Structures are given as structure tokens and as C-alpha cells.
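# An overview of the molecular structure
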Amino acid sequence: MENNKKVLRKKYKNLRQKLSISEIEELSLAVANKLLTLPIWQKTYFHIFLPITEHKEVDTEFILHLLSGKDKEIIISKSDFETRKMMHYLLTDNTKIKKNEYNIPEPVDGIEVPSNKIEVVFVPLLAFDKKGHRVGYGKGFYDKFLSECKPETIKIGLSFFDAEELIDDVHEGDMQLDYCVTPKNNYKFK
């Protein structure tokens, strides 16, 4: 059976669509609780994605509460679909969030933060394997962004589902995760 990105993308989009709103909430809370056990909390600058609810992504609101409760600097992004680059902004009480044409909640503007200042990145994904490779939506935004971060930046995937054995078609430019957190497990790679 092929386990390439295209096949996995389809499989996990279907699995996510079957989740109810209450399941998403419950699983997202479990992911946030699992995160507490990772050795990342001495860091200051945390980059987080705001979920596309239509795609039934991990609801990061619970993680946002953890981060603000621990007084962390929280960074969110805005994507430029022409250049495939992401600009990063500090999330403050004054940040206005607006959905773009792809239903991605983004900051309208704010204080820009360079990629090399970010210490921990929570990475959205559809699937991942036991080596820490991930399948995203295939646009390459995160691979590009993560390649701009310092090598020691901690990359953490968030998933409702456990690891695949192996993703067949991993490319050289694909950025490997350090961890992936699911409702039941923390996976450590490298």
C-alpha cells in the first residue's frame, strides 16, 4: 500500500471530517495537557497557528491559554500566497484577527517578529511518521518558515492521530519535527 503524501492527505482529511465539534474540543484539550510534559517551558518566544475550523484542525485555544498563563511571548503569522512567505507578529491584546480568503485566521498587522527570534513552533499537519516527517497541505509555507528559524528552534507537530510508520515521498527541503504531540502520545524525534 502506498504511503505517499497525496494518499495520506486524503486519508487524514477524511478522518478529521468525521470528528464532531465536541470530539475536537476534547482531543485538543488532551493535546494541550500532553504538551505540559515537554521540556520547552523555559523558552520565551512561541509561534502558534490559529486553526482553520473548516479543516477541523487542532484547536489551539487551550495552548494559547497555557502560553499566556506562563507569560510567554506568543507569535502568530500572516501568509503571503504569492511569495509563499509568512510574516510573524506578536499577539497582544490589541491584535485584530481576520480570516483570509482561505479561512485562515490572521493578524491584520502588529509588531513584526523575525523568524530567528522564535524558539518554539507549533506546526499544523495532516499526518506524520515515526521519523518526524510531516504531511501538510502541500503549499510549503511551514517548510520555508522553519528553514528560516535557528537550527535549535524546537518544532512541535500537533495531531489528533498517531504516527504512520513511514511517509514514502519525503523531500530534501521537508523540515523534520523535533516532537509531535497527540491526545495520547508524545513522540520525540532526532
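The structure contained in this document is the topic of the report that follows. All values derive from a computational prediction rather than experimental measurement.

This next bit is on the overall build of the protein chain. A count of helical and extended segments in the protein chain gives 4 helices and 11 strands. By the compact-globule yardstick of 16 Å for 190 residues, the protein chain fits well, its C-alpha radius of gyration being 16 Å. Along the three orthogonal principal directions, the C-alpha set of the protein chain runs to about 50 × 35 × 35 Å. Per-residue burial for the protein chain yields a buried fraction of 48% across its 190 residues. Contacts spanning at least 24 positions in sequence make up 69% of the contacts within the protein chain whose residues lie at least 6 apart. Within the structure as shown, the protein chain displays about 10,100 Å² of accessible surface, and the carbon and sulfur contribution to it stands at 50%. In the protein chain, 30 side chains carry a positive charge and 30 a negative one; their mean positions are 2 Å apart.

Moving on: the packing of aromatic side chains. In this structure the tally under the stated criterion is 10 aromatic pairs. Arranged with centres 6.3 Å apart and planes meeting at 70°, the rings of F128 and F189 form a pair that is edge-to-face. With F128 in strand β7 (residues 127-128) and F189 in the segment after β11 (186-188), this pair connects stretches of sequence that are 61 residues apart. Assigned by exposure class, F128 and F189 land together as buried. Ring geometry for Y187 against F189: centres 6.4 Å apart, planes inclined by 10°, an arrangement best described as stacked. On the accessibility criterion, F189 (5% relative accessible area) is buried. Following the ring pairs from residue to residue traces out a cluster consisting of Y12, F160 and F161. Over the ring of W41 we find K70; its NZ or CZ atom is 5.2 Å from the centre of that ring.

For the rest of this paragraph, the subject is the sheet that holds strand β1 (residues 45-47). Here we have 7 strands laid out as an open sheet, ordered β3-β2-β1-β6-β9-β10-β11, and mixed in their pairing. On the outer flanks of this sheet lie β3 (85-90) and β11, each paired with one strand and no other. The mean inter-strand angle of the sheet, taken between neighbouring strand axes irrespective of direction, is 25°. Here β1 pairs with strand β6 (residues 120-124) via 2 bridges, running parallel. Each bridged residue has a counterpart across the sheet, and for F46 the counterpart in β6 is V120. Relative to strand β2 (residues 73-80), helix α3 (residues 61-69) is tilted by about 135°, and along the sheet it contacts β1, β2, β6 and β9 (154-158).

Here we take up the pattern of salt bridges. Within the structure shown, the criterion is met by 7 salt bridges. One salt bridge connects K130 with E165, and the closest N-O pair in it is separated by 3.0 Å. Here K130, found in the loop between β7 and β8 (134-135), pairs with E165, found in the loop between β9 and β10 (179-181); they are 35 residues apart in sequence, far enough to count as distant.

Along a regular strand, successive side chains alternate from one face of the sheet to the other. In this sheet, β3 lies alongside β2 in antiparallel orientation, the contact comprising 6 bridges. Its bridge partner being in β3, S79 is matched across the sheet by M86. Hairpin connection between β2 and β3: a loop of 4 residues separates the two successive antiparallel strands, and R84 in this loop has a positive phi of roughly 60°.

As a further point, take the environment of M175. Along the polypeptide, M175 turns up in the loop between β9 and β10. As for M175 and K155, which are separated by 20 residues in sequence, their C-alpha atoms are 9.0 Å apart. Apart from residues lying up to four places away in sequence, M175 is in contact with G132, D143, L146, S147 and K155.

The rules behind the values
Residues numbered from 1 in each chain as written. Predicted model: local features only at pLDDT ≥ 70, side-chain atom pairs only at ≥ 80, totals over all residues. Heavy atoms only, no water. Helix = DSSP H or I, 4+ residues; strand = E, 2+ residues; numbered from the N terminus. Rg over C-alpha atoms; globule rule 2.2 N^0.38 Å. Buried < 20%, exposed > 50% of the residue type's maximum accessible area, 1.4 Å probe, protein only. Contact = heavy atoms within 4.5 Å. Areas by Shrake-Rupley, 256 points an atom, 1.4 Å probe, with all protein chains shown as cover. Lys, Arg positive; Asp, Glu negative; His and termini not counted. Charge placed at Lys NZ, Arg CZ, Asp CG, Glu CD. Phe/Tyr/Trp six-rings, centres within 6.5 Å; stacked < 30°, edge-to-face > 60°. Lys NZ or Arg CZ within 6 Å of the ring centre and 35° of its normal. Pairing = 2+ DSSP bridges. Axes fitted to C-alpha atoms, helices over the stretch in contact; angles between N-to-C directions. Salt bridge = Lys/Arg side-chain N within 4 Å of Asp/Glu carboxyl O.

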